[in-house]
Amino acid sequence: MRVLRLLTGLLVAAIIATGCGGDDSDSAEPTDSGESSEQTDGGVSDEPTDDDQSTGQVDEDSSPAPAGDLVIAIGGDETTLNPYTYVTGYPGYNVLMLMHDSLLELDAVNVPKPALASGWEISDDGLTYTMELRDDVTWHDGEQFDADDVVFTFEYVVDNTHPRWTPGVAAVAGVEATSPTEVVITLNEASPDFPVRPLADMPILAEHVWSSVTDPQNSGEAENIGTGPYVFGEYTPDQSYRLDANPDYAMGTPAAATVNLAIIPEPATAFASLRAGEVDMVAPIVEPQLVAEFEADGGVDVISGPGFGSTMMNINTGLPPLDRPELRAAIADAIDPQTLIDTVLLGTGTAPNPGFLHPDGPITVDPLTHDFDRDAAAVALDELGATIGDDGIRVLDGEPLDFELLVYADNPTRIRTAELIAEQLGEVGIGITVAPLDAETVDEQVWPGFDVSNGRDYELAMWGWSPPVQLDAGRFGSLVHADPSIGGFNVVGLADADTDGLVDEMNAASDADSRAAAIGALQERIAELRPFVLLYYADGVYAFRPEAYDGWVYQAGQGPLGKISLVIG
């Protein structure tokens, strides 16, 4: 059996996924669409897990009838859709994981459950994970899955940095395959989030496939060999994908004979196709103004709930005068999130925690409340010496407080939100020019090359992070740490020693209590410095044709697209 010794100090990079400002969602990852789910409390179990524990799928007694061929509309091309080439956190990662499995997987309330690992034990000091593996799993090409594949995967993501998974193995000292069905993972330091990331997040790679791949970012369809419930079938660039049911899937029965993904960039066209019966489910969320229409449509149903994806206004904290926390705080005070929720989302959203984390998220501790106070904002601006000019725009240090707010041109919800923010800030003498640009241009200005070490070129930007950022402390901390190797998501460029210290303390926490204390303190520091303004967490509403398939199930905060819906039993 092979033994892997891992190096410490691995690069923590940003998650490569376009649609970073994805519609009110969102893999510590940006997305191109919203995600949501029923509001339930999730967490990480530190107890050994029995082989027969639920994997978060529907109980057999209430399982839906299998579907035939399902057609799901997605908003963009995900290239060859293998673990190193998929594009978006949602829906790309969700679709990827229909073809691949991780050691554990998150159930409907985000608790890790068995997957490729049938059970696991954690040592009392939290440093050793003994993973018992299933012995009945084969790769899509018929090769047997075993412990060497697990060791290989950890090794591969060290040698070939993956922005999503490499940070998750940073705490790993070694991985040993002690038998074909047992792996022992040793950590350098205890990590309460380790079962969530990487164990329930990172797909296990087939050693016999990936061992010859030296440039994974340029790999292709041939490498899309997994153990998951669906097999990669066919890909027509910018048009469609076909995934075929895996008849040998060990952990349940695929709910559909085929899952066809139709690439339809324009949501209105996708929803028209749904009404016409040409597609069976639409991955992007339904715009709030369309919800009642779909609910009244006898042939279309919706599944909805609060989402963990965030919608926020990012502030370039390294750019004067936005480098002044007092100015950023005044900007935040002048914004009324409840008006945004009522006007733009028609009430279908959750008010923001200025410390970022969703109030009902699994790691959130004592969420804070955004206090809208236009008068206080005006007073703070006066105290800064920002005087109102002849045109009504305040001037600070000889320069007008007049900023450009970037927003995706194809996202009407975000555009309307930006317009309302411009009106609200105008009330206190701050000028805002809303600049709708194509998504790629916005991404490149906010997050050049998806690498924060490349800097940034914007003033204000509408943005959003996908639900997994809410699921573990490491991703949360990466939003604000100044070291790019730790703060891979720090697209606001925050550089604050106290914040860095809190993130380091949180990341080093060996138990849940000390981690919770650090999370609470970090939320307070973020709310004080205001490197971004949390605006709302939009509810997710997803439309589908129940006649085609009625087995969609929400994963808390993240939505219905994935194994939890498309595997029976």
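Above this note sits the structure.
Keep in mind that this is a model prediction, so the values were computed, not measured. Per chain, residue numbering runs from 1 following the sequence as it is written. Totals for whole chains, interfaces and linings use every residue, but because this is a predicted model, local features are given only for residues with pLDDT of at least 70 and side-chain atom pairs only at 80 or more, for both listing and counting. Side-chain metrics in this entry use all non-hydrogen atoms of the structure; hydrogen atoms and water are not considered.

Here we take up helix α10 (residues 412-426). A run of H or I in DSSP counts as a helix once it spans at least four residues, and a run of E counts as a strand once it spans at least two, with each numbered from the N terminus. A helix is expected to span 1.5 Å for every residue after the first. When the terminal C-alpha atoms of α10 are compared, their 21 Å separation across 15 residues agrees well with the 21 Å that a helix rising 1.5 Å per residue should span. The classification of residues rests on relative accessible area computed with a 1.4 Å probe and restricted to protein chains. Under 20% of the type maximum is buried, over 50% is exposed, and intermediate values are partly exposed. All of the buried residues along α10 are Thr413, Arg414, Ile415, Thr417, Ala418, Leu420, Ile421, Ala422, Gln424 and Leu425.

For Arg197, the position within the fold is in helix α3 (residues 195-199). Separated by 29 residues in the primary sequence, Arg197 and Gly168 place their C-alpha atoms 5.5 Å from one another. A 3.5 Å cut-off defines polar contacts: any pair of N or O atoms within that distance qualifies, except that in protein one atom must be a possible hydrogen donor and the other a possible acceptor, and neighbouring residues in sequence count only when both atoms are side-chain atoms. Here the side chain of Arg197 touches Asp472 through a polar contact of 3.4 Å, side chain to side chain.

The strand order across the open sheet built from three strands is β17-β18-β19, with neighbouring strands paired in antiparallel fashion. In this open sheet, the two strands that pair with only one neighbour each are β17 (387-388) and β19 (399-400). Should DSSP find at least two bridges between two strands, the strands are regarded as paired.

Across the sheet, which stays open at both edges, the six strands sit in the order β16-β23-β15-β22-β20-β21 with mixed pairing between neighbours. Both outer strands of the open sheet, β16 (349-350) and β21 (431-437), are each paired with one neighbouring strand and no more. Strand direction decides the pairing type here: strand β20 (residues 402-408) and strand β22 (residues 460-463), joined by two bridges, are parallel. Across the sheet, the residue bridging to Leu405 is Leu460, located in β22. Note on definitions: a residue-residue contact is assigned when non-hydrogen atoms from the two residues lie within 4.5 Å. Lines fitted to C-alpha atoms define the axes here, with helix axes fitted over just the stretch in contact, and angles between the N-to-C directions of these axes take values from 0 to 180 degrees. Lying on the sheet, α10 is in contact with β15 (311-315), β20, β21, β22 and β23 (532-538); it crosses β21 at an angle near 170°.

This part takes up unusual backbone geometry. Here the residue pair Arg197 and Pro198 is connected by a cis peptide bond, since its omega of 20° sits within 30 degrees of zero. Residue Pro321 is bonded to the preceding Pro320 through a cis peptide linkage, with omega at 0°. In this fold, Pro321 is placed in the loop between β15 and α7 (325-333). Although it is not a glycine, Leu81 adopts a positive phi angle of roughly 60°. Topologically, Leu81 is positioned in the loop between β2 (69-74) and α1 (92-99).

Two numbers describe how helix α13 (residues 497-508) lies on helix α14 (residues 512-529): the axes approach to 9 Å, and their chain directions differ by 160°. On the basis of their axis angle, the class for α13 and α14 is roughly antiparallel. Along this stretch, α13 crosses α14, giving a crossing that reads as left-handed. On α14, the residues touching Asp498, Thr499, Leu502, Val503, Glu505 and Met506 of α13 are Arg515, Ala518, Ile519, Ala521, Leu522, Arg525 and Leu529. Note on residue classes: Ala, Val, Leu, Ile, Met, Phe, Trp, Tyr, Cys and Pro are nonpolar, Asp, Glu, Lys and Arg are charged, and everything else, Gly too, is polar. Of the residues assigned to the contact of α13 with α14, the class counts are eight nonpolar, one polar and four charged. An angle below 35 degrees is read as roughly parallel, one above 145 as roughly antiparallel, one from 65 to 115 as roughly perpendicular, and any other as oblique. Each helix crossing is assigned a hand: it is left-handed if the near helix lies turned anticlockwise from the far helix by less than a right angle, otherwise right-handed if that turn is clockwise.

Aromatic contacts are taken between Phe, Tyr and Trp rings whose centres are within 6.5 Å, Trp giving its six-membered ring; a plane angle under 30 degrees counts as stacked, one over 60 as edge-to-face, and the others as tilted. Following the criterion strictly, the structure yields 20 aromatic pairs and no others. Relative to Phe145, the ring of Trp139 has its centre 6.1 Å away and its plane inclined at 70°; by these criteria the two rings are edge-to-face. Phe145 sits in the buried class, given a relative accessible area of 2%. Each ring is checked for a lysine NZ or an arginine CZ that lies within 6 Å of its centre and within 35 degrees of its normal; such an atom marks a charge sitting over the ring. Over the ring of Tyr93 we find Arg164, and its NZ or CZ is 3.6 Å from the ring centre.

Another point: the nonpolar core. The nonpolar side chains of soluble globular proteins are, as a tendency, buried together. Counting 83 residues, the largest nonpolar core has Ile72, Leu103, Met131, Phe154, Ile185 and Trp552 as its most contacted members. Looking at this core, the element that brings in the most residues is helix α2 (residues 147-159), giving eight residues. What marks off one domain from the next here is an automatic or database domain assignment. Per-domain counts for this core show at least three residues from each of domain 1 (24-99 + 228-306 + 540-569) and domain 2 (100-207). Note on terminology: a nonpolar core comprises buried Ala, Val, Leu, Ile, Met, Phe, Trp, Tyr and Cys residues joined through side-chain atoms within 4.5 Å.

A few words now on the pattern of salt bridges. Counted as salt bridges are all cases of a side-chain nitrogen of Lys or Arg within 4 Å of a carboxyl oxygen of Asp or Glu. With the rule as written, the count across this model stands at 18 salt bridges. The shortest N-O distance in the salt bridge between Asp101 and Lys563 comes to 3.3 Å. With a gap of 462 residues between them, Asp101 in the loop between α1 and β3 (104-106) and Lys563 in helix α15 (residues 563-566) connect regions that are remote in the sequence. Each member of the pair, Asp101 as well as Lys563, carries the same accessibility label: buried. Each of the salt bridges in this network shares a partner with another, and the network as a whole consists of Arg164, Arg197, Asp201, Asp472 and Arg475.

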